[in-house]
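# Summary of the model geometry
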Amino acid sequence: MSRNFVFLLILAGTGLYLIEPAFASGGGSLPWEGPLQQIQASINGPVAGAVGLIAVAIAGAMLIFGGELNDFARRLAYVVLVLGVLLGASTIVGLFGSSGASIGIAPEGKAATVDPARD
């Protein structure tokens, strides 16, 4: 092997060894994480679910009983309907029993095991 290749190999190995702690560190929070978490809490809260339900009910009633709506009013009703569904999406998903992805850590002293299938 050439001397340059060995040098590059040692340099790459040293770099990978030194960069590992940087990947493992959590670091500080970014300035926009706080406001985004507040928005997420607001969207997933009970008020947002109620607003979504009311918006869907009003927009649906407008489309069903509105009679001859002009194009602008019909598009506005669709926009309100879509926003209501988006605000109530987490509640709708919760009705189906889904709570989202979760990655748990096994408690200390207990190893995570998978039981074999039984006939």
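Residues numbered from 1 in each chain as written. Predicted model: local features only at pLDDT ≥ 70, side-chain atom pairs only at ≥ 80, totals over all residues. Heavy atoms only, no water.

### Structural notes on the overall build of the protein chain
Counted only if it meets this: Helix and strand assignments come from DSSP, with helices taken as H or I runs of at least 4 residues and strands as E runs of at least 2, each series counted from the N terminus. Only protein chains enter the calculation, and the probe is 1.4 Å; a residue is then buried if its accessible area is under 20% of its type maximum, exposed if over 50%, and partly exposed in between. A 1.4 Å probe and the Shrake-Rupley method give the accessible areas. Residues count as covered only by the protein chains that appear here.
Assigned secondary structure in the protein chain consists of five helices and zero strands. Reading the protein chain from its N end, one meets helices and strands in the order α-α-α-α-α. Residues classed as buried in the protein chain amount to 9% of the 119 residues present. On the protein chain, roughly 10,500 Å² of surface is accessible, and the fraction owed to carbon and sulfur atoms is 68%.

### Details of the confidence of the model for the protein chain
Stated formally: As a per-residue measure, pLDDT reflects the predictor's confidence and takes values from 0 up to 100.
Looking at the protein chain, pLDDT values average 74 and 66% of them are 70 or higher. At the low end of the mean pLDDT range in the protein chain sits helix α5 (residues 89-95), at 68; at the high end sits helix α4 (residues 71-87), at 82.

### Looking at α4
What counts, and what does not: To estimate the expected span of a helix, subtract one from its residue number and multiply by 1.5 Å. Starting at the helix axis, one direction is taken to each C-beta atom, and the arc is that of these directions. Contacts between residues were defined by any pair of non-hydrogen atoms, one from each residue, lying within 4.5 Å.
An ideal rise of 1.5 Å per residue puts 24 Å on 17 residues; α4 measures up with 24 Å between its terminal C-alpha atoms. Of all the residues in α4, the buried ones are A73, A77 and G84. The arc enclosing the buried residues of α4, seen along the axis, measures out at 40 degrees, which places them on a common side. The exposed residues of α4 that point more than 90 degrees off its buried face are F72, R75 and L86. Against the buried residues of α4 lie α3 (46-65).

### Topic: the pattern of salt bridges
For clarity, the cut-off: Any carboxyl oxygen of Asp or Glu within 4 Å of a side-chain nitrogen of Lys or Arg constitutes a salt bridge here.
Tallied over the full model, the rule gives one salt bridge. For R75, the salt bridge identified is with D71, shortest N-O distance 3.0 Å. Of this pair, R75 and D71 both sit in helix α4, separated by four residues, roughly a single helical turn.

### A short note on the packing of α3 against α4
Condition: Axis definition: a line fitted to C-alpha atoms, limited for helices to the stretch in contact. Angles are taken between N-to-C directions and run from 0 to 180 degrees. The labels follow the angle: roughly parallel below 35 degrees, roughly antiparallel above 145, roughly perpendicular from 65 to 115, and oblique for the rest. With the far helix as reference, a near helix turned anticlockwise by less than a right angle produces a left-handed crossing, and one turned clockwise produces a right-handed crossing. In this classification, the charged set is Asp, Glu, Lys and Arg, the nonpolar set is Ala, Val, Leu, Ile, Met, Phe, Trp, Tyr, Cys and Pro, and all remaining amino acids, among them Gly, are polar.
Between α3 and α4, the least distance of the axes is 8 Å, while the angle of their chain directions is 150 degrees. Between α3 and α4, the angle is such that the two are roughly antiparallel. Between α3 and α4 lies a crossing whose hand is left-handed. Between α3 and α4, the contacting residues are A48, V51, G52, A55, V56, A59, G60, M62 and L63 on the first element and A73, R74, A77, Y78, V80, L81, G84, V85 and L87 on the second. When the residues that make up the contact of α3 with α4 are grouped by side-chain class, the tally is 14 nonpolar, three polar and one charged.

### Section: a nonpolar patch on the surface
How we decide: A residue counts toward a patch only above 30% relative accessible area and without a salt bridge, and it is joined to like-charged neighbours within 9 Å or, for Val, Leu, Ile, Met, Phe, Trp and Tyr, to nonpolar neighbours within 5 Å.
There is a patch of nonpolar side chains on the surface, built from L30, W32, L36, I39 and I43 and spanning about 490 Å² of accessible area. Tracing the backbone shows W32 in the loop between α1 (3-24) and α2 (33-44).

### Describing the environment of G88
In this structure, G88 sits in the loop between α4 and α5. For G88, a relative accessible area of 8% translates into the label buried. Along the chain, G88 and G52 lie 36 residues apart, while their C-alpha atoms are 4.9 Å from each other.

### A word on the environment of R74
You can see R74 is positioned in helix α4. Between the C-alpha atoms of R74 and A59, which are 15 residues apart in sequence, the distance is 9.3 Å.

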